Amino acid sequence: MRGSTLVAWAVVCLLTVSHLESAAGWQQADEGTSVEAGDGLVELGAWIEVDVPGVSEPDVHPDDPSLPPCYFRQANYAELSAWLENDFVIAPDPEEVYILKLCETDEGTQLVTFWVHQPAPPKEPPPPTIKETTRLRNEAWGQLAIPEPTTQMAPGQVTIVQIPTFVWVSAADRAPVSETVTSTLDGHELTLTATAYPRRLGFLRIDMGDGNTLWCDADDVVAFDHSRDPLDQPSNCFHYYRQSSVNAPDLRYQVALTAYWDVSVRCTFSGGPCTNPPPAVPTQVLTAPPHPIAVAEIQALARPG
């Protein structure tokens, strides 16, 4: 992986950096250590030093005092495990690098210390600025195809005073819509999703044309069911006209319907939520063309007796 050049430099690094004491005989070197490998500068991250209990480093080589008693060797997990007693628990990790300090003693070659190399975690990309997230928010927001409402009424053309007149919009005119815009920053994906929903409370504001205003929640704006009694409908969006439209222009009231939509924006960067999310999108207001309706009165004649 790193070759003999890396091992040699790593040993020098391990012997020269200052160590931070920790529990259970573990020592961790300063983070951010770098070495010069054959293919350039390599950031080593953190090294953890482990002393093997019961084994000490000899002063001289048992057979030849002129030879160094200890030497260093890079190893993999299997080689390290072969040197360790059963009371050492080292989880195998193919990404880790081990450096062993082996010493010649009267009892033969023994492992006295080893180092576990933990690769430096990847650097987190800088988060997108609020200017960038707002730009994408505006792009997704601008692409939202919020439907313009079309006024539906029952009765639709002529109604009668003192009976309920129902108002609604079609299911297509109140279905949520969504748009997603994606950009790439420093190789990481930035995604903005804007979703428009009919406002749950006060979705429709309806000027009935006779001076009265009707507010209807999103759950109440359902189509008139012609198979049911007019007084037994699933909708609560209705109005009782009290006067005919005989005095209105063109003998009709003009029903003006306005729909209100809330927009939520979801921002993700590099798989997580944005740290600089864009500002909220204001409520979107859409108005339907005026719907004329005539209101009539039924006159009844009564005879005494």
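Structure shown above.
Bear in mind that the values here come from a model prediction, so they are computed numbers and not experimental data.

A. Fine view of the overall build of the protein. A count of helices and strands for the protein gives three helices and 19 strands. Expressed as a percentage of its 305 residues, the buried residues of the protein come to 41%. In the protein, the proportion of contacts linking residues at least 24 apart, taken out of those at least 6 apart, comes to 66%.

B. Representation of the packing of aromatic side chains within the structure. Per the stated rule, a full pass over the model turns up six aromatic pairs. Aromatic pair Phe 166 and Phe 238: ring centres 5.3 Å apart, planes at 55°, arrangement tilted. Of the two residues, Phe 166 is situated in strand E10 (residues 164-168) and Phe 238 in strand E15 (residues 238-240); the sequence distance between them amounts to 72 residues. Site record: aromatic cluster; members linked through ring pairs are Phe 166, Phe 224, Phe 238 and Tyr 240.

C. Representation of the pattern of salt bridges within the structure. Counted by the stated rule, this structure contains six salt bridges. Its salt-bridge partner being Arg 228, residue Asp 232 comes within 3.3 Å of it at the nearest N-O pair. With relative accessibility at 34%, the residue Arg 228 sits in the partly exposed group. The salt bridge involving Arg 252 is made with Asp 250; its shortest N-O contact spans 3.6 Å. Judged by its relative accessible area of 57%, Asp 250 falls in the exposed class. Through salt bridges with shared partners, one network takes in Glu 132, Arg 135 and Glu 139.

D. Spatial organisation of the environment of Pro 149. Along the chain, Pro 149 falls in the loop between helix H3 (130-142) and strand E8 (152-154). Overall, the relative accessible area of 3% leaves Pro 149 in the buried class. With residues near it in sequence (within four places) discarded, Pro 149 still touches Val 169, Asp 173, Leu 257, Ala 259, Leu 286, Thr 287, Ala 288 and Pro 289.

E. Fine view of the sheet that holds E15. One open sheet holds the three strands; their spatial order is E8-E10-E15, and the pairing between them is antiparallel. The sheet is open, and its two edges are formed by E8 and E15, each paired on a single side. Direction aside, neighbouring strands of the sheet carry axes that sit 25° apart on average. Two elements, E8 and E10, share three bridges in a ladder whose sense is antiparallel.

F. Geometry of the state of the cysteines. Applying the stated criterion across every chain yields a total of three disulfides. In this model, Cys 70 is linked to Cys 103 through a disulfide, with the two sulfur atoms separated by 1.8 Å. Given an S-S torsion of about 105°, the disulfide between Cys 70 and Cys 103 has right-handed geometry. Here the residue Cys 70 occupies a position in strand E5 (residues 70-75), and Cys 103 occupies one in strand E6 (residues 97-105), the gap between them amounting to 33 residues. On the basis of relative accessibility, which here comes to 0%, the residue Cys 103 falls in the buried class. For Cys 267, the disulfide goes to Cys 274, at an S-S distance of 2.0 Å.

G. Spatial organisation of the side chain of His 291. Within the secondary structure layout, His 291 lies in strand E19 (residues 291-296). According to the relative accessible area criterion, His 291 is buried, its value standing at 14%. At 2.9 Å, the side chain of His 291 forms a polar contact with the backbone oxygen of Gly 156. Residues within four places of His 291 in sequence aside, it is in contact with Thr 151, Met 153, Gly 156, Tyr 253, Gln 254 and Val 255.

H. The arrangement of the side chain of Asp 173 in detail. Mapped onto the elements, Asp 173 comes out in the loop between E10 and strand E11 (177-185). This buried residue, Asp 173, is left without a salt bridge; Arg 174 holds the nearest opposite charge, at 8.2 Å. A distance of 3.1 Å separates the side chain of Asp 173 from the backbone nitrogen of Thr 150, its partner in a polar contact. Apart from residues no more than four positions distant in its own chain, Asp 173 is found in contact with Pro 147, Glu 148, Pro 149, Thr 150, Phe 203 and Trp 261.

I. Representation of the nonpolar core in the model. Core analysis: the biggest nonpolar cluster contains 43 residues, and Phe 203, Leu 204, Ile 206 and Met 208 have the highest contact counts within it. Ranked by residue count, the leading element in this core is strand E16 (residues 253-269), at eight residues. Counting twelve residues, the second-largest nonpolar core is a separate cluster that includes Ala 75, Leu 102, Leu 111 and Phe 114.

About the thresholds
- Residues numbered from 1 in each chain as written.
- Predicted model: local features only at pLDDT ≥ 70, side-chain atom pairs only at ≥ 80, totals over all residues.
- Heavy atoms only, no water.
- Helix = DSSP H or I, 4+ residues; strand = E, 2+ residues; numbered from the N terminus.
- Buried < 20%, exposed > 50% of the residue type's maximum accessible area, 1.4 Å probe, protein only.
- Contact = heavy atoms within 4.5 Å.
- Phe/Tyr/Trp six-rings, centres within 6.5 Å; stacked < 30°, edge-to-face > 60°.
- Salt bridge = Lys/Arg side-chain N within 4 Å of Asp/Glu carboxyl O.
- Pairing = 2+ DSSP bridges.
- Axes fitted to C-alpha atoms, helices over the stretch in contact; angles between N-to-C directions.
- Disulfide = S-S within 2.5 Å.
- Polar contact = N/O pair within 3.5 Å; in protein donor to acceptor, adjacent residues only side chain to side chain.
- Lys, Arg positive; Asp, Glu negative; His and termini not counted.
- Core = buried A, V, L, I, M, F, W, Y, C linked by side-chain atoms within 4.5 Å.

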